[in-house]
Structures are given as C-alpha cells and as structure tokens.
Amino acid sequence: LSACAGSSNSSSGAQELVDRSTLTVESMLGNGSSQANQATQFLRRAKAVVVCPRIFKAGFFIGGEGGNCVLVSRAATGSWSDPAFYTMGSGSFGLQIGVQDAEVIMMLMNQTALNAFLNSQFKIGADAGISVATIGAGVGGSTGTALGADIITFAKARGLYGGISLSGSVFSNDSALDQQYYGQLIDPRQIVVSMSANNAGANPLRAMLAKFGG
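How each quantity is defined
Residues numbered from 1 in each chain as written. Predicted model: local features only at pLDDT ≥ 70, side-chain atom pairs only at ≥ 80, totals over all residues. Heavy atoms only, no water. Core = buried A, V, L, I, M, F, W, Y, C linked by side-chain atoms within 4.5 Å. Buried < 20%, exposed > 50% of the residue type's maximum accessible area, 1.4 Å probe, protein only. Helix = DSSP H or I, 4+ residues; strand = E, 2+ residues; numbered from the N terminus. Arc of directions from axis to C-beta. Salt bridge = Lys/Arg side-chain N within 4 Å of Asp/Glu carboxyl O. Phe/Tyr/Trp six-rings, centres within 6.5 Å; stacked < 30°, edge-to-face > 60°.

*Asks:* What is the right way to look at the nonpolar core in this model?
*Replies:* For soluble globular proteins, nonpolar side chains are generally found buried alongside one another. Ranked by internal contacts, the top residues of the largest apolar core, which has 60 residues, are Leu71, Met107, Phe117 and Phe171. Per-element accounting of this core gives the leading share, ten residues, to strand E1 (residues 48–73).

See the structure below:
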C-alpha cells in the first residue's frame, strides 16, 4: 500500500496523477447516471474537491487502503485553483478478505472542511465537528441525508468488498510532489487558497471541474 501511495514520486508522476484525476471527474460526473447528477449538484455548491483516481484496498483479517489524491478549491470568482497533492492511507483489523479498486471524489462543502484538509493531516471520522456522507454503489446514501454534511463522498468501486468506506483514512499533504510540480517550495494553502502557483498541465482538470461544477 505504501508503494501504491508513493508511486507518483516525480513531476511526471504528478502530471500523470493530475491527468488521471481529470479522467475520473469526467467518467464519474459525465455518465448520465442519477449518482452523477447528484454529484454535479453538490459540486456546484462545493468549496473544494478532493479527487482520488485510484484507491486500492486489500485485506486478509488485517487490511488497509491507500492512494494518491489532488485537492482543488474554488475561488470567489468561481474559477478553480491548481491542485495540491495528497496521499491517503489507513489500516484495519477484523474479519475481512478481498481486494478493491475504487475512484473517489470528495466534495468539501464549506470552509470548515477545506481548513481540515489544509491543517497538516486530516483523519476521516476523527473530528466530531465535521460530518461526512457517502453516496455510491453498494453504500447507503441519498441527496436528502447528505444535505447537511461538511464532506460528501462519491465512490465508484469494483472488487470483492461491498462498497467503500473512508472512515479512519488519513489524508496528508505531499509537499515533495507539490514542490516538484510547481518548481518551488510551497504549501497547499498557497496553492488552493492564495492560488499563487500555476502549472499549465492542470488546465484540463480545472476546465473539467468548471464544466460540471460551474
């Protein structure tokens, strides 16, 4: 899992992650399904979005999951920032067996949710002040139950696990990847809030979010 999460260890790897994130947004929001329509509605109101084009989960009594993600936020003008890079990982113990490969889009609906990601490490479910709703195949959820959530997660999963839960997952900024992608030492708040870093390679991702999220 650590190898999977650390696979994007160069600027070219960073661009590949951005490109795969663009494809994930297109495939998950542009397929015409009711889930896609729900996700589009929430994206139009979201403060920021986290895109994880591949979350790999495996377990045989002791399990874990990991992957690489990008964080993009919306400016006051409605345009989208360039991405900051994150890694995600978690572990679990219990009766479990199987493997799963999933695409995940997380809508951060307000400034509180965005700040949680920007403050070093963020663990899903550890902050009682932040509510999370999950909508996806095999996972209970609806537009109604998600209306008051700070973070709304849409997952598209394949494999032997029934659905996907990110509870207990830890998201950490990949500062080395940020530096490699933008050619300078920079923190995620400067990238997604101040928007003081740009890479033309992220323009297709920004355009795709603008297409579906306004």
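*Asks:* Is there a simple way to think about helix H8 (residues 203–213) in this case?
*Replies:* Residues that lie three or four places apart on an α-helix share one face, since the helix turns once every 3.6 residues. Every buried residue belonging to H8 is among Leu205, Met208, Leu209, Phe212 and Gly213, and all of these are buried. Down the axis of H8, the buried set is contained in an arc of 105 degrees. They therefore lie on one face. Among the residues trailing H8, Gly214 stands out with phi positive, at a value near 80 degrees.

*Asks:* Just checking my understanding: could you explain the pattern of salt bridges for this structure?
*Replies:* Two side chains bearing opposite charge may form a pair once their charged atoms approach each other closely. In this structure the tally under the stated criterion is three salt bridges. Among the salt bridges present, the one from Arg20 reaches Glu16, with a minimum N-O distance of 3.9 Å. Here the residue Arg20 and the residue Glu16 both occupy positions in helix H2 (residues 11–29), the gap between them amounting to four residues, near one helical turn. For Arg20, a relative accessible area of 27% gives the class partly exposed. Taking the shortest distance from any N to any O, the salt bridge between Asp82 and Arg206 comes out at 3.8 Å. In this pair, Asp82 is assigned in the loop between E1 and strand E2 (84–108) and Arg206 in helix H8, connecting sequence segments 124 residues apart.

*Asks:* Got a minute to help me understand the environment of Arg45 in this structure?
*Replies:* Relative to the helices and strands, Arg45 resides in the loop between helix H3 (34–43) and E1. Classification of Arg45 as partly exposed rests on a relative accessible area of 48%. In this structure, the C-alpha to C-alpha distance between Arg45 and Met107, residues 62 residues apart in sequence, is 8.9 Å.

*Asks:* What exactly am I supposed to notice about the packing of aromatic side chains here?
*Replies:* Between two aromatic rings, the relevant description is the distance of the centres plus the angle of the planes. On inspection of all chains with the given rule, the structure shows six aromatic pairs. With centroids separated by 5.1 Å and ring planes inclined at 80 degrees, the aromatic side chains of Phe85 and Tyr181 adopt a geometry described as edge-to-face. Of the two residues, Phe85 sits in strand E2 while Tyr181 sits in helix H6 (residues 175–182), which places them 96 residues apart along the sequence. Using a relative accessible area of 6% as the deciding quantity, one classes Tyr181 as buried. Aromatic side chains Phe117 and Phe171 sit 5.1 Å apart centroid to centroid with 55 degrees between the ring planes, which places their arrangement in the tilted category. Within this pair, whereas Phe117 is found in helix H4 (residues 111–118), its partner Phe171 is found in strand E6 (residues 170–173), the two being separated by 54 residues in sequence. Judged by its relative accessible area of 0%, Phe117 is buried. Taken together, the aromatic side chains of Tyr86, Phe117, Phe122 and Phe171 make up a single cluster linked through ring pairs.

Worth remembering: the numbers are spatial, not functional.
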